[in-house]
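Letter by letter, the chains look like this.
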Amino acid sequence: MSEYVIVTDSALDMNIDQVNALGVEVLPISYTIQGNTLKNWPDHHEMPLKEFYRLVREGEVATTSAVNVFEYTEKLTPILESGKDVLLMVFDQSISTSTFQSACLAVEELKEKFPERKILLQDTRAVTAGLYLMLWYATDMQKAGKSMEEVWQWCEDNKYTVCQVFTVEDLKYLRRGGRISATTAVVGGMLNIKPILHVDHEGFLGSIEKARGRKAAINSMVELVAKTITNTDRIAITQADCPEEAQALAEAIREKTGVKEIHIGELGPVIGAHTGPGMMFVGYIGTERG
């Protein structure tokens, strides 16, 4: 069996220690703030997350850039040159179609350059904690001796059972990114509405329910997870500069469901630019998402 490396991107939103524990290679995605274009490395050495969210709270607008073909080929070429195969697990193409298209082009180019090597590309239909959860299972299978094809197939068969639900503190960031209308954002802000959203079967954002206030939103998330979870071995949570609330959410879910292992990560600038500080996202195995 050929040795292979699992490669993903920094939209998995876990810290450097968690990334190292998985044993994956991470391609950093670029973002721009205050006129500076930076990369979202897992250790955030170009800009600490606290600083990023401070700037966003003060009104700075952050934007993100799609990964281009060169970035993919630059990342994958040394791995292929070393004689290893690659399983490239990218974040949901519906969130960034151009990033996925770049991955497709890079894979085709590299297959021609390295015909003796295998490269499998997977649209995980997941992002942030959902993507991390898939990688958590994938790397466990890899460490157990499963082939790259077996891991790819398991992910393909199970990706639509990876439920992804989240809430945000301020609707203006989703409005700015075109995810909700200006009217919805204004009215929601006036009424202190905190929506419970999910990533649906096609990778698009959808509203599940609306709660009045932050505490009610967190309680609604706990109830939703408890109602739909089908595997209580593990879940992943990501949080945008609200670690205490995320820890409380994790404990409430554990108490309600008996889930055995919970990993909490930090939402990086790539997704945080579009959701703002205060976002909390849960990834878990559950009933098939809508």
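Definitions and limits used
Residues numbered from 1 in each chain as written. Predicted model: local features only at pLDDT ≥ 70, side-chain atom pairs only at ≥ 80, totals over all residues. Heavy atoms only, no water. Helix = DSSP H or I, 4+ residues; strand = E, 2+ residues; numbered from the N terminus. Polar contact = N/O pair within 3.5 Å; in protein donor to acceptor, adjacent residues only side chain to side chain. Contact = heavy atoms within 4.5 Å. Core = buried A, V, L, I, M, F, W, Y, C linked by side-chain atoms within 4.5 Å. Buried < 20%, exposed > 50% of the residue type's maximum accessible area, 1.4 Å probe, protein only. Salt bridge = Lys/Arg side-chain N within 4 Å of Asp/Glu carboxyl O. Phe/Tyr/Trp six-rings, centres within 6.5 Å; stacked < 30°, edge-to-face > 60°. Lys NZ or Arg CZ within 6 Å of the ring centre and 35° of its normal. Pairing = 2+ DSSP bridges.

Visitor: Describe the side chain of Q239, with residues and values.
Guide: The topology assignment puts Q239 in strand 11 (residues 234-239). Engagement of the side chain of Q239 in a polar contact is seen with the backbone nitrogen of C242, the distance being 2.7 Å. If we skip the residues at most four places from it in the chain, Q239 touches A246, I264, G265, E266, L267, M279 and M280.

Visitor: Explain the nonpolar core to me, and be specific about the residues and the numbers.
Guide: Residues L12, I33, F52 and L88 are the most contacted members of the largest nonpolar core, which totals 70 residues. In terms of residue count, the dominant contributor to this core is helix 5 (residues 129-143) (10 residues). Every residue in contact with I33, bar those within four places of it in the chain, is listed here: L38, M47, F52, L55, V56, E60, V61 and A62. Counting residues in each nonpolar core, the second largest holds 23 residues, with V165, C242, L249 and I262 among its members.

Visitor: How would you explain the pattern of salt bridges if you had to name every residue and give the values?
Guide: Counted under the stated rule, the structure contains 18 salt bridges. In this structure, R125 engages D123 in a salt bridge whose closest nitrogen and oxygen atoms are separated by 3.4 Å. Among the salt bridges present, the one from E245 reaches R214, with a minimum N-O distance of 2.9 Å. A residue pair is termed long-range when its members are at least 10 positions apart, and E245 in helix 10 (residues 243-257) and R214 in helix 9 (residues 214-228) qualify at 31 residues. Three or more residues are tied together by salt bridges with common partners; here these are K50, R57 and D241.

Visitor: Which residues make up the packing of aromatic side chains, and what values do they have?
Guide: Across all of its chains, the model carries 5 aromatic pairs by this definition. Seen in terms of ring centroids, Y132 and W136 are 5.6 Å apart; in terms of plane orientation they differ by 45°. Their pairing is tilted. One end of the pair, Y132, and the other, W136, are both in helix 5, 4 residues apart, so they sit about a helical turn from each other. Judged by its relative accessible area of 1%, Y132 falls in the buried class. Among the aromatic residues, those joined into a cluster by ring pairs are Y31, F52 and Y53. The positively charged end of R234 is found above the aromatic ring belonging to Y137, 4.3 Å away from the centroid.

Visitor: Report on the sheet that holds strand 4 (residues 36-39), specifying residues and quantitative values.
Guide: Taken together, the 3 strands give an open sheet; going across it, the order is 4-3-5, and neighbouring strands pair in antiparallel fashion. Strands with a single pairing partner mark the edges of an open sheet, and in this sheet they are strand 4 and strand 5 (63-64). In this structure, strand 3 (residues 30-33) lies alongside strand 4, joined through 4 bridges in antiparallel fashion. Along strand 4, the bridge assignment pairs T32 with T37.

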